[in-house]
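In case you want the letters, here they are:
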Amino acid sequence: MNQQYQEKEFTKNLDPKLWLAVLKQAMPYKHTMLWIAGLMTFMAGLDSILPLFTKYAIDNMIIPKSFDGILLFSLLYVGVVIVGFFTVAVFIHLTGIVETGMNYDLRKRCFAKLQSMHLAYYDRTPTGWIVARLNSDISRLGDIVAWGIVDLAWGFAYIVIVSIIVFTLSWKLALIFLFLLPFIGYFSIKFQKKLLVAYRMVRKLNSRITHSFGEGIHGAKTTKTLVREEANLNEFTGLNREMYSSSVKAAVASALFMPLILMVSSLGVGLVLWLGGVATINQSITYGALVAFISYTMQLFEPISNVARLFAEMQNGQAAAERVFSLLELEPEIVSSVPWDESWSKRTMQGDIQLQNISFAYKEGQAVFTDFDLHIRSGESVALVGETGTGKTTLVNLICRFYEPQTGSIKIDGYDLREIPLKWIHSQLGYVQQVPHLFQGSILENIRYGKLDASDAEVIRAAQLMNADSFIRELPGDYSYQVGESGNLLSTGQKQLLAFARVVLANPRLLILDEATASIDTETESLVQIAMNKVLQDRTGIVVAHRLSTIRNVDRILMMYKGRIIESGSHTELMHLKGRYYKLYMNQFMQETADAELAREA
Amino acid sequence: MKSFAFVFSFAKGLKLRYTAAIVFIILAASFSFLNPLLIRFCIDTVLGGKAADMPFNLPVPSLSTIGFLRNNLWLAGLAIVVVSIFAHGFTYMRSRFSAQVAEEFARRLRNKLYDHIQKLPYAWHSKVQTGDIIQRCTSDVDTVRRFVALQFVQLGRSIFMVLLILPIMLTMNAKMTFYSTLVVPIVFVYAYVFFKQVRRRFKAQDEAEGYLTTTLEESISGIRIVKAFAREEFEINRFEKAALDYRNKCRGLVTLMAWYWASSDALCMLQIALVLIFGIRFTINGDITLGTLLAFSSYIGMLIWPVREMGRILTDMGRAQVSIGRLQEILDTPVESFDGIAHDNSHRIKGEIEFRELSFSYEGGSDILKDINLKIASGETIVILGATGSGKSTLTNLIPRLFDYSQGQILIDGIDLNSYDRQYLRKQIGIVLQEPFLYARSLQENIGIALQNVDVVKVQKAAAESALEETISEFEHGYETVIGERGITLSGGQRQRCAIARALVLNAPIIILDDALSAVDTETEETILNNLKRRKGRATTIIITHRLSSVTLADRIVVLEHGRIAQIGKHEDLINVPGVYQRIWSIQHKLEEEAG
C-alpha cells in the first residue's frame, strides 16, 4: 500500500504559518480582498442598524402616535435596502473573482511544475492523486480564502457593532449576550467540527461506492465470465450498508445543530423578554429598545456559527493546503545547465550516442546497470533483445534522459546530456511506446501532435505512409473522427498505427520503438515494417522487440542479459556465435519449423 | 407523477417513517408560529395593558391572570423557551426521519442498480459509455436522494407554512395581511424563473470542469509522450486554456448569482419594509396593535425566505425528474435470462463444441461472422489466426453466451448453447481476455476469485503455470500484494499472466485465451506455452493469437478472414497450401530464410 497517498486525517491544530503561506498565494488580489473586507464591514453595519429602524418607529412614531417623519423614515429604509442590494451584488462578485482567480493561478502553477517534473516522479505518484490535488484541493483553498474573508469580516464587524449598540441601549440587558456567547460559540465549534468529520466519512464511502460501480461496469465482461455477480453484489451491499449508516449519522448530526443553536438563542429571547419586560415596566428602557433587543438576540448565533464554520473548514482544509504546497515545492531532478534558446532549434542532431560507465538503479540497491558502456553511431539502427527486466526500456529511458544515471555520462553528438537543453533532445527524438497514448480529440489533432504546424496534407501523408489511412477512411468523419478519452474508441493496434504516423510526422533524428508493434496483426505489421525501414534509413534508430521477426533489418542486435550486453552484432554474426541469441532465436522459430518437419516426416 | 411512482416503488416499509416526518413538519411549523403570538400577547396585553384578543377564538385570559403575569414576567420568558424547545425538537425529529427515509431509499436504489447492471447482457455493457453509467449511479442517485430528503420535505414545509400563516394573519388583520404578502409571490416567481434560466449555465460550467479534468488526466497519463515530443509548453498552453475557460465560466456564473442574491434579497427586504411602513400607519391609526405589527414582522421573516427557496427547489425538482428518467432507463432494460440446463456445479461438461452454419452480427451492424461450421472435439486445442476485425474475439465471446446469436447454432456436448443456464455454462469456461480486468484487491484474491473457497495451493499452482511465481516472489507482500488503484500497478504482461492464472485455477473443461499473451515477452511466453502443452487434452482449448509461437500447441489451426473460416487444418497441411496461413508464416519466417 502506498501509505504516502492515503488521505490525511483531520488535523487538530491550525498551523498559522501554513495559512499565511496560503494567504500569500492570494496576494495578487489583495486590493480586491481589502475591498471585500470593507464591504462586509459596511454590510454588517447595515444589518445591525435595521432593528434600530424598528426601535425608532416604535419609540418615536407608534407610541407618541405621530406621523412626523414617516416619509423620510420610509425613504431611508428603502435607501438602506437599495444600498444593501449593491453591496451584496458587488461583494459576491468580488469574492468570485478572488476565488476563481486564486484557483486558476494555483492550477496554472501546479501544472507548470508538473510538466517540469521527471518521469521518476510520475512512477511513484498515482495519476488520481495528482488530479485530486489540482481539482478538489485547490478549489477548497480558493473557497476557504475568499469566503473566509467574507465570513470573518462580516462576523467580527457584526459582533462588534451589535455589542456597541446593545451596550448603549442597556448595559444590563447586554449582559445576557455575554452569558449566551460562550454557549453558542461552544456548540458551534463543536458541531461544525463533528459535521465536517462525519461528512468527510460519507465522501470517502461515496468514492468507494463510485469505485465499486466503476469496477462493476468496467469489469462486466470479466464478472460474467467468472460468474461473480452474486459475490460482487454481496460486497457491494455491505459497502452500501456502511454508506447508509454513515450518511444517517452525518444527517442526524447536522439535523441537530441548528435546532440546538436556536434553542440556546431562544433561552436568550426568553431572558430578554423577562428582564427586558421588567425594565420596560420600570421604564428604564423603551418598548422599541426591548423589540430591538429581541431581534438582536435572535440573530446572535449567525456570525458566531459562520466563524466557527470557517475554522472547521480550515482544519479540514489544512491537509489540502499541505498537499498543494508539497506539489508546488517539488524540485525537478532532471534539469539542464544550458537553457533553451532559438539557436538550438536550428541545430540538427546527428544521433551519435555514447554511454560511458553508466550505473543506474530505480531503487537503491537494485542496480539495473553497473559500469555500462555503449556506443551507437550516427545513422545506425540497433535492436535491443532480451528477457523482461534486463534493462532494455531502462536504456531507452536513459538515452531520452527521462531518468538520470547515478554515475557515468551519456553523450549525444559529443555533448553531455546534462549540458544540452532537454527540449532540444526531445525535439529531435521520435518515440513509440508499447501502450500508445492518444489524447482526446480528433485523429488529425493526434497525429499533428508530432509536428504542431503540420498541414492537413502532411498529416494525411504520414498516415498513408504508416498504413493508417485505410482504417481512418472507414471511420465516420475519417480524420476528424473523435478518438475518445485516451483514444478509447480505437483498438490498440489502431492506436499504435496512429502513434507511428505521429512520430513519422515529427521527422525525428533519433527514433525509438519500444515494443511498438505488439498489437498489430502480422500482415499490417510487415507493411509498417517496410515503412519504418524507409524512415530509419538515414537516422539513428533503437528498436526494443520481443518478436525477433520485427528486427530483421537492423544494423546491429544487442543481446542484453541482466543489465549487460552479452552479444552484439548482425543477425548472421550472432547466429554463428551460437550463444544466447541463437538459443532465443531457435526457441522462437526453429522449434516451430522443427515440429512441422517432424510432423511432415511422420 | 411518474417520478412519484418511481420513488414509491422503493419505499416499501418506509411509509410510516415518512408519515412521521410529515407529522413533525406540521408540528414544528405550528409551534414556531406560537412564539410571535406569545411576544405579541406579552407586549400588548401584559406590558401594554390592552385587552387580549386571541386568534382562532382561543380562550382570553382573565385580568387577574394578566396581572399575575405582569408581576411574574419570567413565566412568559419560560413559555418562549418551552415553545422553542418543542418547535426545534420537532424540526430535529423531522430531519431525522426524512434523512433515514432518504438514505434507506438511496441504499435500496443503489443495490437495485448494481444488481441490475451486473445482470444486463454484455451487449448493453459494450454499447454504453462507462462514465455516463457511473455518473447515473452516483450523481443521479444523489439528486433523487436529495429530492426525497430535502426538497420534498422543504416543499411540504413551505406549503404548510403558507397554509398556516395566512389564516393566522387574516384573523389578526386582513388589510395588513394584504400588504404583508404583496411581494411574496413575486419573490417566488423570480426565484423559479431565474434558476430555470441559469440551469444551462450550470451545465456549461460542469462541462468546462469535466474538460479540464480530462485534459489534466490525459496530460499526466501521457507524460512520456509529452516529454518525448518536448510538448511541455503545448500542454501547459492547452491546460491553461481549459483552466481559463473554466475560470471564466465560474466567474460568469458567480456574477450572475451575485445579482440574483442581491436582487432577491432586496425584494425580500422590501417586503419586510412594506410590513414595517404600513404597520406603522395602521398602528398609529389604531387598526392594529404594536404586538400585532411585531407578529406580522416575525411571520413575514419566517415566510419569505422559505418561499424564495421554494422557487429554487421547484427547478431542482425538474432535475430530479430528469435523473429519475435516466435511472429508469437503466432499470427498464431487460436483464439476461438465467434459466436453462444447470447441473450441479460439480458436474463437468465434456467440452465438445460445434458451430453449425453460425452467422452473427452486432445489433444493427453487418455480419461479423458468416457461415461458421466447425466441430471441436473434447480436449482438442484450436489456434485461431486472422487479421484484426476478422471476427476471432466475437467467435469466442459467443461461447460463454456474452452475446446471443440468432442464425445457426452452437452446440456444447450436443446441446444447443441457448438451452444452458448462462451461469452454469460460464463456470465451465475459463476465458482470458486480451485486455484483462483485474480487481483492486490482492493477487491471491484475484487469481482465486473464481473459486468457492480460497485455496492457496490451487492459486499457487495456477500462478506457477502462468509463469507468475517469480514475479510475485519479487513483490514485498507476495501474494498479498494489492493491485490497482490503491496498490501497485502491474505491467501489461503481468496482468495478462494474472488473468491466465485466474482462468487456469478452476480447471474448467473449456479454456479460451483471447490474444492473452500479446504483452508477454517471448521467453515467458515459451514457459507458459510449455505449461499449457503439459495440460493438453485436459480441456478443450481455444487460443486466439497473432504470434505463430502458439501454433505448436494446436491440434488444428483455424484461419478467419472477414468473418469466414478461410482455412482449417493441421499446420503441416496448411503450410503447403497457398493462402493466408502460408503468407503469415512466411512473413514471420523471412528472417530465417534470409539467414538460411
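These figures come from a predicted structure and were not determined experimentally.

A. Here's a closer look at the overall build of chain A. The helix and strand tally for chain A stands at 20 helices and ten strands. A compact globule built from 602 residues would reach a C-alpha radius of gyration of about 25 Å, whereas chain A, at 36 Å, exceeds it by more than 25%. The principal-axis extent of the C-alpha atoms belonging to chain A is close to 125 × 65 × 50 Å. Within chain A, buried positions represent 57% of all 602 residues. When contacts within chain A are restricted to residue pairs at least 6 apart in sequence, those whose partners lie at least 24 apart make up 78%. Accessible surface for chain A amounts to roughly 25400 Å². Of this, 58% is attributable to carbon and sulfur atoms. For chain A, the distance from the average site of its 56 positive side-chain charges to the average site of its 56 negative ones is 6 Å.

B. The arrangement of the domain arrangement of chain B in detail. For chain B, the domain assignment lists domain 1 (11–332) and domain 2 (353–595). Its C-alpha centre places domain 1 of chain B at a distance of 57 Å from the equivalent point of domain 2 of chain B.

C. Quick look at the sheet that holds strand 1 (residues 353–361) of chain A. Residues and elements named next belong to chain A. Spatially, the four strands line up as an open sheet ordered 2-1-4-5, and their pairing is antiparallel. The open sheet has two free edges, formed respectively by strand 2 (367–376) and strand 5 (415–416), since each of these has just one partner strand. For strand 1 and strand 4 (residues 407–412), the ladder comprises five bridges, and the chain directions are antiparallel. For Leu355, the partnering residue across the bridge sits in strand 4 and is Ile410.

D. Structural context of the sheet that holds strand 4 (residues 407–412) of chain B. Residue and element names in this part refer to chain B. The strand order 2-1-4-5 describes an open sheet built from four strands, whose pairing is antiparallel. The strands lining the two open edges of the sheet, one partner per strand, are strand 2 (367–376) and strand 5 (415–416). Relative to strand 4, strand 1 (residues 353–361) is paired through five bridges, and the arrangement is antiparallel. Considered in strand 4, the bridge of Glu354 is made with Leu411.

E. The arrangement of the domain arrangement of chain A in detail. The domain architecture assigned to chain A consists of domain 1 (3–328) and domain 2 (351–428 + 540–593). If you average the C-alpha positions of domain 1 of chain A and of domain 2 of chain A, the two centres end up 59 Å apart.

F. Structural context of the interface of chain A and chain B. Across the boundary between the two partners, chain A contributes 150 residues, which contact 149 residues of chain B. Counting each side, the surface lost to burial between chain A and chain B is near 14400 Å², with a carbon and sulfur contribution of 68%. Three residues stand out in chain A for area buried against chain B, namely Lys221(A), Lys224(A) and Tyr449(A), and they jointly supply 5% of the buried area on that side. The interface formed by chain A and chain B holds four salt bridges in total. In this structure, Glu229(A) and Arg426(B) form a salt bridge, with 3.9 Å as the shortest nitrogen-oxygen distance. Where chain A meets chain B, there are 32 residue pairs in polar contact (both at pLDDT 80 or more). Looking at which element gives the most residues to the side of chain A that touches chain B, the answer is helix 8 (residues 229–281) of chain A, with 28 residues. When the residues that make up the side of chain A that touches chain B are grouped by side-chain class, the tally is 76 nonpolar, 51 polar and 23 charged.

Rules used in this analysis
- Residues numbered from 1 in each chain as written.
- Chains lettered and ligands numbered in written order.
- Predicted model: local features only at pLDDT ≥ 70, side-chain atom pairs only at ≥ 80, totals over all residues.
- Heavy atoms only, no water.
- Helix = DSSP H or I, 4+ residues; strand = E, 2+ residues; numbered from the N terminus.
- Rg over C-alpha atoms; globule rule 2.2 N^0.38 Å.
- Buried < 20%, exposed > 50% of the residue type's maximum accessible area, 1.4 Å probe, protein only.
- Contact = heavy atoms within 4.5 Å.
- Areas by Shrake-Rupley, 256 points an atom, 1.4 Å probe, with all protein chains shown as cover.
- Lys, Arg positive; Asp, Glu negative; His and termini not counted.
- Charge placed at Lys NZ, Arg CZ, Asp CG, Glu CD.
- Domains from an automatic or database assignment.
- Pairing = 2+ DSSP bridges.
- Buried area = accessible area lost by both parts, 1.4 Å probe.
- Salt bridge = Lys/Arg side-chain N within 4 Å of Asp/Glu carboxyl O.
- Polar contact = N/O pair within 3.5 Å; in protein donor to acceptor, adjacent residues only side chain to side chain.
- Nonpolar A, V, L, I, M, F, W, Y, C, P; charged D, E, K, R; others polar.

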